[in-house]
Amino acid sequence: MLDYETLTLPTPFPAGNVKCYLIKNDPVTLIDCGIYSLESLKSLKEQLTCFGFKIKDIKQILITHAHPDHYGLASTLQLDSGAEVYIHADEMRKAENPTLLLNRTSEYLAFYGLSEELRSQLSDHFSWELGFVHPLEEVIEIGDAYTFTFEEAELRTILTPGHTMGHLCFYEKSSGLLFSGDTIIGNFAPSPVLEPSPIKPYFRDQSLVKYIDSLRRLKDLPLKLILPGHGGQIVDIADQFQRVSNHHQKRKKQINNILMERNEFTPYEIACKLWPKFKRPIDMYLAISEVLGYIDMLSVEGEIRQEETASGFLILRK
Ligand SMILES: [Zn+2]
């Protein structure tokens, strides 16, 4: 049986504190590790001390996905402890070349109707976020169904593309425990984000379509407890899946209704209709990510079609 503790680490991001998990079975393991900042490191050390551990005791760091609040501190901890760092190969491709990805994201956003001014503000925001990461150096790249063996327990990776394409959850079968990262979170429905492929230039994955499929696979597991990357632990599993599914159905209907209004829209125009009062550029990025997700779903279902033109990207009713 897995013996674990929950660590809550501060971040300056809209999602708030990040939850990381200390597995006390041998080898001592950290699942996710917070941002690269003095405040985060101090908080981590204090919480480890409370549980009777030091950074030097950590033998493995398992990363759910390459967002700064989940992996920013990993290489700092690795330097101090010599821990092995495990991450999905696709996430590593993103982490090792963040600038390329940011440039591609900006190009996509222009294509989807975002003004140069907003794109420039967004680039500033992403550069600021990257300040909370210390680059990863020595990692072990893993994929789906990789098994970590502990004294009296086993954890298996489950690849859950959606929130990000190489997102890993960690599952302990014998107790029905799932460390879900940002695939399932406690306080709100997680957003699959617009993510140009780090491997194929100018290719965008259908993040929400993949996300729904990932949820479907998780739903089939005999889960008893979900430990998410944000918010509290989730015990009412069926209710959580239903809540997320209701949210997606409702939002898809809203977007379909907007599309009834006229024949052509850009993703930006739909996002502005849904969230007319957005304040921060990051909110517009998340809004466009979400709109694209539902546009992909509606396209798969045959309701609409997406068309690339010389002037940009249009969504048309069939
Ligand atoms: Zn995330």
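See the structure above.
Moving on: the coordination of the zinc ion. Around a metal, the perfect tetrahedron of four donors has angles of 109.5 degrees, and the perfect octahedron of six donors has angles of 90 or 180 degrees. Looking at the zinc ion, the protein donor atoms are His65 (NE2), His67 (ND1), His163 (NE2) and Asp182 (OD), and they sit 2.2 Å from it. Between the four donor atoms coordinating the zinc ion, the angles at the centre fall across 92 to 171°, so the site counts as irregular. Here the donor residues of the zinc ion are spaced in sequence according to H-x1-H-x95-H-x18-D. With a gap of 98 residues between them, histidine 65 in the loop between strand E4 (60-62) and helix H2 (68-71) and histidine 163 in the loop between strand E8 (153-159) and strand E9 (168-172) connect regions that are remote in the sequence. Residue class for histidine 65 comes out buried when judged on its relative accessible area of 0%.

On to helix H3 (residues 74-81). Restricting attention to buried positions, one finds in H3 the residues Ala74, Ser75, Leu77, Gln78 and Ser81. Projected onto a plane normal to the axis of H3, the buried residues spread over an arc of 155° and lie on a single side. On the buried face of H3, the contacting elements are strand E3 (29-31), helix H1 (38-50), E4, H2 and strand E5 (84-88).

A full pass over the atoms with the stated rule returns 13 aromatic pairs. Ring plane angle 80° and centroid distance 5.6 Å describe the contact between phenylalanine 13 and tryptophan 128, whose orientation is recorded as edge-to-face. You can see phenylalanine 13 sitting in the loop between strand E1 (4-9) and strand E2 (18-23) and its partner tryptophan 128 sitting in helix H6 (residues 116-130), a full 115 residues away along the chain. The exposure class of phenylalanine 13 is buried, given its relative accessible area of 10%. Judged by centre distance (5.7 Å) and plane angle (45°), the ring pair of phenylalanine 111 and tyrosine 112 falls under tilted. Residue phenylalanine 111 is classed as partly exposed on the basis of its relative accessible area, which comes to 27%. The ring of phenylalanine 265 has arginine 262 lying over it, and the distance from NZ or CZ to the ring centre is 4.0 Å.

Rules behind the numbers
- Residues numbered from 1 in each chain as written.
- Predicted model: local features only at pLDDT ≥ 70, side-chain atom pairs only at ≥ 80, totals over all residues.
- Heavy atoms only, no water.
- Donors = N, O, S within 2.8 Å, 3.2 Å for Na, K, Ca; no water.
- Tetrahedral: all angles 85-135°; square planar, octahedral: opposite > 155°, others 65-115°.
- Helix = DSSP H or I, 4+ residues; strand = E, 2+ residues; numbered from the N terminus.
- Buried < 20%, exposed > 50% of the residue type's maximum accessible area, 1.4 Å probe, protein only.
- Arc of directions from axis to C-beta.
- Contact = heavy atoms within 4.5 Å.
- Phe/Tyr/Trp six-rings, centres within 6.5 Å; stacked < 30°, edge-to-face > 60°.
- Lys NZ or Arg CZ within 6 Å of the ring centre and 35° of its normal.

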